[in-house]
Structures are given as structure tokens and as C-alpha cells.
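Report on the structure
The lines below spell out each chain.
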Amino acid sequence: MSELMIEYFNFEKDLPENINNEKLHSYPIVYILNNGQKNPMAYIGQTVQARNRMKSHYANPDRRKLDKAILIGHEKFNQSATYNIETNLINHFIADNKYKLQNRSQFASQKTHNYYEKPYFHSHVFEEIWEELREKRIVQNSIEEIRNRDVFKLSPYKELSESQMELKNAIIKYCNQHIHDERKAVFLIKGDAGTGKSVVLSSTFNTIQDLANDKDSFYSMDDLDKNLYGTENYLLVNHQEMLKTYESISTSLPNLKKKNFEKPTPFINKMQKENRMADITLVDEAHLLLSRTDTYNNFRGNNQLEEIIKHSKVTVIVYDEKQFLKVKSHWSQELLEGIVKDFHPETFELKDQFRMQASPKIVNWIDRFVQKELWPIPESEENFEIRVFDDATEMHELIVKRSKSHGLSRVVSTFDYVHKKDGADYFVEEPGFKKVWNRTHYKETWAEVPETINEVGSIYTIQGFDLNYVGVILGPSVTYNKEKDELEIDTSKYKDTGALAGESGAGEQNLEEVKERIILNSINVLMKRGVKGLFIYASNPELREKLMERKMNNEFRGY
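Residues numbered from 1 in each chain as written. Predicted model: local features only at pLDDT ≥ 70, side-chain atom pairs only at ≥ 80, totals over all residues. Heavy atoms only, no water.

**What to know about the overall build of the protein chain**
Each helix and strand counted, the protein chain has 19 helices and 20 strands in total. Across its three principal directions, the C-alpha atoms of the protein chain cover 80 × 60 × 45 Å. Expressed as a percentage of its 559 residues, the buried residues of the protein chain come to 58%. Pairs at least 24 apart in sequence give 76% of the contacts found in the protein chain among residues at least 6 apart. (Helix = DSSP H or I, 4+ residues; strand = E, 2+ residues; numbered from the N terminus. Buried < 20%, exposed > 50% of the residue type's maximum accessible area, 1.4 Å probe, protein only. Contact = heavy atoms within 4.5 Å.)

**What about the side chain of Asn 141?**
Looking at the secondary structure, you find Asn 141 in the loop between helix H5 (118-135) and helix H6 (143-147). On the basis of relative accessible area, Asn 141 is assigned to the buried category, the value being 13%. Polar side-chain contacts of Asn 141 include one of 2.8 Å to the side chain of Asp 96. In terms of polar contacts, Asn 141 uses its side chain to reach the side chain of Arg 149, at 3.4 Å. Apart from the residues within four sequence positions on either side, Asn 141 is in contact with Asp 96, Trp 130, Arg 134, Ile 146 and Arg 149. (Polar contact = N/O pair within 3.5 Å; in protein donor to acceptor, adjacent residues only side chain to side chain.)

**Some points on the sheet that holds strand E10 (residues 312-319)**
Spatially, the six strands line up as an open sheet ordered E8-E7-E9-E10-E6-E11, and their pairing is parallel. Sheet topology places strand E8 (261-262) and strand E11 (346-350) at the edges, where each strand pairs with a single neighbour. Two elements, strand E6 (residues 185-191) and E10, share six bridges in a ladder whose sense is parallel. Within E10, the position partnered with Ala 185 by the bridge is Val 314. Along the sheet, helix H11 (residues 264-274) contacts strand E7 (233-237), E8, strand E9 (278-284) and E10; its crossing angle with E7, the most-contacted strand, is approximately 140°. (Pairing = 2+ DSSP bridges. Axes fitted to C-alpha atoms, helices over the stretch in contact; angles between N-to-C directions.)

**Things to note about the packing of aromatic side chains**
Both the distance between ring centres and the angle between the ring planes are used here to describe each pair of aromatic rings. Summed over the entire model, instances satisfying the criterion amount to 18 aromatic pairs. Ring centres 5.9 Å apart and planes at 40° place the aromatic pair Tyr 469 and Phe 535 in the tilted group. Remark: Phe 535 occurs in strand E20 (residues 530-538) and Tyr 469 occurs in strand E17 (residues 467-474); sequence separation between them is 66 residues. The pair formed by Tyr 469 and Phe 535 is uniform in burial state, with each residue classed as buried. Ring-pair connections join several aromatic residues into one group, and the members of that group are Phe 77, Tyr 115, Tyr 120 and Phe 121. (Phe/Tyr/Trp six-rings, centres within 6.5 Å; stacked < 30°, edge-to-face > 60°.)

**Details of the sheet that holds strand E14 (residues 427-430)**
Taken together, seven strands build an open sheet; the order of strands is E12-E20-E17-E13-E16-E15-E14 and the sheet is mixed. Each end of this open sheet is capped by a strand with a single partner; those strands are strand E12 (385-389) and E14. Averaged over all pairs of adjacent strands, the angle between their axes in this sheet comes to 35°, without regard to strand direction. Two strands pair when backbone bridges link them, and strand E15 (residues 433-437) and strand E16 (residues 455-457) are joined in this way by two bridges, in the parallel orientation. Within the sheet, the bridge partner assigned to Val 436 lies in E16 and is Glu 455.

Below, the structure written as C-alpha cells:
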């Protein structure tokens, strides 16, 4: 017999008197208030005094827009478990995208931690709750479907690690301290691919917007929180697929609006035209900002970061020097430090890998590979599969199988095959293999469209996102130097000519080295997309042979 109890009520003034089960009115519970209108809304909470909490909610005009109440109890619930399940429900409701939630940000002292039997409540009990909600048609999608969505992975309510929570607290404190300064302020976040930078930014921006829009909202129990009330804030990202995800999240939460999410150039041009200044501007993937004038993309300033700082009181930047992908977006450490040095700069670096379920040995192998070093390829592990292929079709077939068994798996490639923005189909071709380059007309993010299992993704569709398994085609520009026994990059074969065009805005540097680093950066990003596995195929015969040899020698030697 299940220890879980779920009871359904009409949300009305007399509800407290109708809660007769002692386990629901005198013990920790989780609850959902919702309605079934054309544009349904919901509120999710947890309490140890259900009757008093329902009275309080009914006195709130916003809550009275809801007409149903679901109370969820369990024989073994404690407050740690109910807080964990409340947060889990909020994350899943956001990604399910059926309800507009009334929930505001959780304050700083509320954070999920390890507790007795957490795996049991976090997984088993939660899954039992979700399946009943699906059976009752209160929610729509399965847990597997939801957890493969980028909206779920970037949810502002995602559980943050200790270092991520420390960063979020530091950003909000910094904004509170400097929002009324006469001099502008810049907070810089650094971290490699997969360290959870965007998750922190999503969570932080949601909290800032709650503090900006709700006079009674608080986060740190500090009077400084009131400094943010009434502020006008933006989150910028120079990446169309990421922008889609942020805009999708905004449809589910009360104080996030699509108008507050923009690409950098429209934001800069609007602020210049209207002679306005934002209060707080968060910039995700700041390594994609233009570091010089680009009239083709309607940007005529010196570089975009300077212009964003000029039109913001406080600027928060997420940056990874290993992820710039175009000459016109080339950022050196010297250029970055030169721009921010006069603006109260504060820096925080995230170091823990959260995307890949691989050991440091595999992550280190990728890091050495993009430094052109060909180390023996590590063996697959219990939680991470790494394989090399001498046939692109065979790799694609296995990606299809992994997508069926684990979901969200795709083949991607370096930009070594012609693609134009004219709406026509272009193809990635290798011996016995021909698949269309990613199409760009989808409203959803590329990897979440089922048909794209038969397409090949580029760096521009996949940067910043997770896949469960990624199959990487290293195109003709990625070759092997037998004499030096190292990777060699032939920039003349790279087909993203726009990425390699022009001059760097980062000062005197060997342009050929910058182009080579762009291609190596793209490989780093592609190889670090997979949570559960990385498959590799090399177009260049010598490199393909060397990778197969390094894999076989590794297995023979027991690496």
C-alpha cells in the first residue's frame, strides 16, 4: 500500500474546515492551487500548517483566481522532503508549459540540501506524484519528455550547487550595493563549458525581476533588497536558440516578460535611439559579443560590451574565453580587463563540471585534444560512453538508437560543409553518409524537434545546450600532422567564411592563430555537449586512423 496520499478539494473559503486527514493538516505537505481556465494558472507551495496556509492564501486576491486545491502528504514527509518536492514540481510545471505560475523566487536561506532518504523522495515519491497528476490530466508531459527540454535545464528554480548559490548571492548583493552608484559597475562570471553559468544567470535574473516588480518581495532578509524595486532590467544573449529558451521560460513565471530578453544589437540600438539606460543588464554567452564594428549586423560601435556597459548601471557578464567562435567576436583577456577595470569589477569563477557525467580523465582528454594533443582515448565508464568510428553512418545509427533509449541525442559537426542562409537544404557528406545541415525555421530549439534526428547540427544551434549523447563529425579542416604527432587545423577548408573574415578587435595577434583557435573552440563546445556520451568520427583519413589506433591501443593497454 502506498504511503503517499493525495486529496483534491475546491479552493474556497471553507476549505480549511474540510481538511480532515491529520497527515494533511498537521504534518508537512506539498500543495498545488490551480484553475482550469483557458489560460490556466497555478501556485505550488509547502507547509506544516495546511489549514492556516489555505486561509492566508484565500485572503490573497491573486490566489482567489484559482479554484482547485491538491494536498499531497506522505507518511515519512519532513520539511526537507517537502521543500525538495515543491521545487521539483515548480521546475517540471515550468517545462510542462501548461500553467502560468504565480510563484515568486525562493529567498536565499531556502536551498535544497542532502537529507535522509533524499533519493527516495526526489525520485521515487516525486515520480509517483507526477504520474498521478498526469492520469488526472492536471499536467501534460512525461518526466522523461520534460527533463530532455532545455526549458527544464535552464529553469530558474533548478537546484543550485553550493558554489552556484554562492555566486547567485554575490551577484544580488553586488547589484544591491551598486545600483545607485554614480559610477557604473561590472560583475564578471567565468567558467568552462558545462559549469552551469547559464543556470545561475536564469535563477538570478528571475529573483532580480521579482525584487524589481514586487514591493514586498525579499531575498536576503536585507533592507538592501529594496534597492532593486522599480528597476528596469534585461538579460541579453547573442544566440537565437538560447533566446528562444529564455523567452519560453518567461511564459510560465509572473515577473519574466519576453520584452526583457533581447539580443545585444537591438538592445544597444534601442537604448541609443531612446537615450535611455537600463538598471541591471545580464549578458549570457558574452564571448559571442562583437569585439569590433560590424555594419552587416547593424552594429556601428567600437565593441558591444563597451556599449552595453555605457547603457547600464550594473552589468553582469558570463564569459568563457574558450568559446568565442568568430574573428569579429574575438575577446582576449587583455581586452576584457581593459574594458571593465574602471567599473568596480568583481570576478567569480565556476569550476565544477555539471553537464558531462564523465570522470576528470575524459574531460581532460577533450581539453588536451583541443590543445592539439592526441592522448590515448580513455575507456567508457559506467555513466559515460566514449567511442570513435571509422564510418559516419554507423555513428549516426547508434545516435538514433541512443535517442530512442535515452532521448535527446544528435549528430553535430564542425562547420566544414557549405551552408547558406537562403532557406535551401545543404548537406554534410562523407563516404556512405549524407544528411542535411540543421534547418533553421523551427520555433522550438533545434535539438528538441524530433525530425532533427536526421539532420546534422552546427555550433550555432547547439552551443549552450545539453544533449544526452552527441556524435561529433570532425570535418576536413581537422587533420593530423604525422611528424609532430598532433592535431593540425587547415583553416582554408573551414566553410564558415563569415566566422574567419575581417580583423580581430582584440589588438595585435597572429590572425591565423586566431582562426585556428576559433575552430578548436568549436570542437571544444561540440565535444562537451553530451551528458552521457561522446561519439567521434573524423573526415580526415589520417586522423581517423590515428584516433582508431589510440582507442585500440588504449583498450589493449587497459587505460
